[in-house]
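Now for the letters of each chain:
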Amino acid sequence: MGEQTKLPVGIDDFEKIRRNGFYYVDKTKLIEQLFINWGEVNLFTRPRRFGKTLNMSMLKCFFEIGTDPALFDGLAISSNEQLCKEYMGKYPVIFISLKNVEGLDYEAAKYQMIELIAKEAERFEFLEDSFHLTNSEKDKYTSMITLLEGTYQMSDELLLSSLQTLSELLYKHYGKKTIILIDEYDVPLDKAFQHGYYQEMVTLIRAMFGKALKTNNALKFAVLTGCLRVSKESIFTGLNNFKILSITDTRFDEQFGFTDKEVKELLAYYHVENRFDETKEWYDGYHTASGERLYNPRSVVCALTDNQLSNYWVSSGKYDSIFTYISHNVDEIQNDLTLMFAGEKIPTGIQEYAATAPELKTKEEIYSAMVVYGLLTYDNGKVFIPNKELLGSYAAMMKKEQSLGYIYRLANISTQMLQATLAKDTETMTKIIQYAHNTEVPILSYNNETELSAIVNLVYLSARDQYRVEREEKAGKGFVDFIFYPVRYDQDCIILELKVDHSPEDAIAQIKEKDYALRFRGKTAEKNKYTGRILAVGISYNKETKEHDCKVEEI
């Protein structure tokens, strides 16, 4: 294949990546695992941007008759000679991706699905002249092609049976059963939630899947992908050959998303292995059921391409929007959100099948949906914000959405708090933190420093535009509550320590005693070292008097 030097930004076509020398993170072990954990119909549910479409394209290239074996040279699957000999290039494959089906009404969405299926049917134009088909069967094929000309209005029956019919025609032509791949099967359902025709779309997809995947003697096996496991009772009724392989399943753990090992290899390939810790901080944080840590592949590739660690989680619609989910129950989620933004983990259960937008009411349902779409991660019975990239998206939401109440109010006085800190204006600082206490924030029982830390995190939210804010950072001889690392080396540095039932002077004394400032002083020979002031900030709360106190000292 030649040396691979380019990164495949936005490319989810396996053949294009391999033929054009793009870097490919090898996920072909998925093929072996598919046969080990065999199901006639297999559903993979994974968050968005975790490589589902690329994996489906890879499966198509492997199984489809006429494939180029050279596409798999040097990849993991090539070492399994028996499996390659038996299956590579041996089967007809139908590959449909529904990820762009998003009609404003049912008829528009239905037509988009018809168009996709008709275009896929066009790939097999040889069926029109096949010696293996009768004239009646050829007419069936021609009918599918003419769907593109608008005759779809005649009846839904042709659409409902289209995948089954096409697979039967391919089976008769080749004498080999057909493999059906359906990518992002749940996107039309998501859009139907939004635009009010959910039941019609459920009925359509249930009937289409039932014909193609249940009562189809021409089917070898099928693979479906999506973010959402729509309840088996509503979509996959009667599919007793159906196997769900979800984020809570230990099988296939490493085949969606990048692992630690794969990210290290990728960074080393481009000679930036020294950026692994930063990359981990930005894009790691997702977890499989077996405990494997996973990275968002799209963001890692974009960061390498731009040579910049940044937020590449760009919302492409309603189901990427954090507030879409939180808005269903702001009152119950406010406090959890405040704690999660401060780095805490919130106990909850997860029910993937219940993550259907119109039905989100309880925190468990909302968090389930957010995990499914990659907006939270789930590990050991708790949910939390996975990484710095998503943290930036949460911060932007907090400053924008007024219905978040105290979170919105505190986020929007955070610029004033930073300015007061840099000016050593402790009177203003104390007023702001006291305002946070008096603004009916239900989280402020202040029984421990965690709650105080969560609110302080909010009142310094705007500092994240100018600083890399770290919490519970190992510095000097111990741990400090917050360190604010400036974006520029000539900016002022901030070390912030919190105390409950102790004075701010005690907090600053701890900062000095533990030598927390060592993080900023650097080594004499260092080219890039901080030249601005180092400010020690102590913030205290007295549980008896309900009063706060602040102190800022240059050290």
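Let me sum up the structure you'll find in this document. From a predicted model like this one, the values you see are computed outputs, not experimental measurements.

For the rest of this paragraph, the subject is the overall build of the chain. What the chain contains, in helices and strands, is 23 helices and 16 strands. When each of the 555 residues of the chain is scored for burial, the buried share is 56%. Carbon and sulfur atoms form 46% of the exposed surface of the chain, whose accessible area is close to 23,600 Å².

The sheet built from five strands is open, its strands ordered S2-S3-S4-S1-S5 with parallel pairing. Lying at the two open borders of the sheet, with one neighbouring strand each, are strand S2 (93–97) and strand S5 (242–245). Each neighbouring strand pair of the sheet contributes to a mean axis angle of 15°, computed without reference to strand direction. Pairing analysis gives five bridges linking S2 to strand S3 (residues 178–183), with the strands arranged parallel. Across the sheet, residue Phe-95 finds its bridge partner in S3, namely Leu-181.

Judged by nonpolar contacts, the single largest core of 119 residues is most densely connected at Met-201, Phe-209, Leu-224, Ile-326, Met-370, Tyr-394 and Tyr-460. If near-sequence neighbours (up to four positions away) are discounted, Met-201 is found in contact with Tyr-106, Ala-109, Met-113, Pro-188, Leu-189 and Ala-192. Membership of the second largest hydrophobic core comes to 34 residues, among which are Ile-11, Phe-63, Phe-72 and Met-88.

Despite not being glycine, His-271 shows a phi value in the positive range, around 60°. One can find His-271 in the loop between helix H11 (260–269) and helix H12 (276–283). Judged by relative accessible area, His-271 falls into the exposed class, the value being 67%. Phi at Asn-380 takes a positive value of approximately 55°, unusual for a residue other than glycine. If you trace the backbone, Asn-380 turns up in the loop between strand S10 (377–379) and strand S11 (382–384). Judged by relative accessible area, Asn-380 falls into the exposed class, the value being 73%.

Here we come to the packing of helix H2 (residues 29–36) against helix H3 (residues 52–63). Two elements in contact, H2 and H3, have axes separated by 10 Å at closest approach and are oriented at 80°. Relative to H3, the element H2 is oriented roughly perpendicular. Across the interface between the two elements, Leu-30, Ile-31 and Phe-35 from H2 touch Asn-55, Met-58, Leu-59, Phe-62 and Phe-63 from H3. In the contact of H2 with H3, the residues fall into seven nonpolar, one polar and no charged.

Looking at the element boundaries, Val-487 is found in the loop between strand S13 (478–486) and strand S14 (493–500). Put simply, Val-487 and Asp-465 are 22 residues apart on the chain and 8.6 Å apart in space, counted from C-alpha to C-alpha. Apart from residues no more than four positions distant in its own chain, Val-487 is found in contact with Asp-465, Gln-466 and Tyr-467.

A word on the packing of aromatic side chains. Per the stated rule, a full pass over the model turns up 25 aromatic pairs. On the basis of an interplanar angle of 45° and a centroid distance of 5.9 Å, the ring pair of Tyr-23 and Tyr-270 is categorised as tilted. One end of the pair, Tyr-23, is in the loop between helix H1 (14–19) and H2; the other, Tyr-270, is in the loop between H11 and H12, with 247 residues separating them in the sequence. Since its relative accessible area comes to 13%, Tyr-23 is described here as buried. An aromatic cluster of at least three residues, connected via ring pairs, comprises Phe-14, Tyr-24, Phe-35, Phe-62, Phe-63, Phe-72, Tyr-87, Tyr-91 and Phe-221. For Lys-176, the ring lying beneath its charged end belongs to Tyr-91, and the centroid distance is 5.2 Å. The ring of Tyr-485 is capped by Arg-468, whose NZ or CZ atom sits 4.3 Å from the centre of that ring.

Cut-offs applied
Residues numbered from 1 in each chain as written. Predicted model: local features only at pLDDT ≥ 70, side-chain atom pairs only at ≥ 80, totals over all residues. Heavy atoms only, no water. Helix = DSSP H or I, 4+ residues; strand = E, 2+ residues; numbered from the N terminus. Buried < 20%, exposed > 50% of the residue type's maximum accessible area, 1.4 Å probe, protein only. Areas by Shrake-Rupley, 256 points an atom, 1.4 Å probe, with all protein chains shown as cover. Pairing = 2+ DSSP bridges. Axes fitted to C-alpha atoms, helices over the stretch in contact; angles between N-to-C directions. Core = buried A, V, L, I, M, F, W, Y, C linked by side-chain atoms within 4.5 Å. Contact = heavy atoms within 4.5 Å. Parallel < 35°, antiparallel > 145°, perpendicular 65-115°, else oblique. Nonpolar A, V, L, I, M, F, W, Y, C, P; charged D, E, K, R; others polar. Phe/Tyr/Trp six-rings, centres within 6.5 Å; stacked < 30°, edge-to-face > 60°. Lys NZ or Arg CZ within 6 Å of the ring centre and 35° of its normal.

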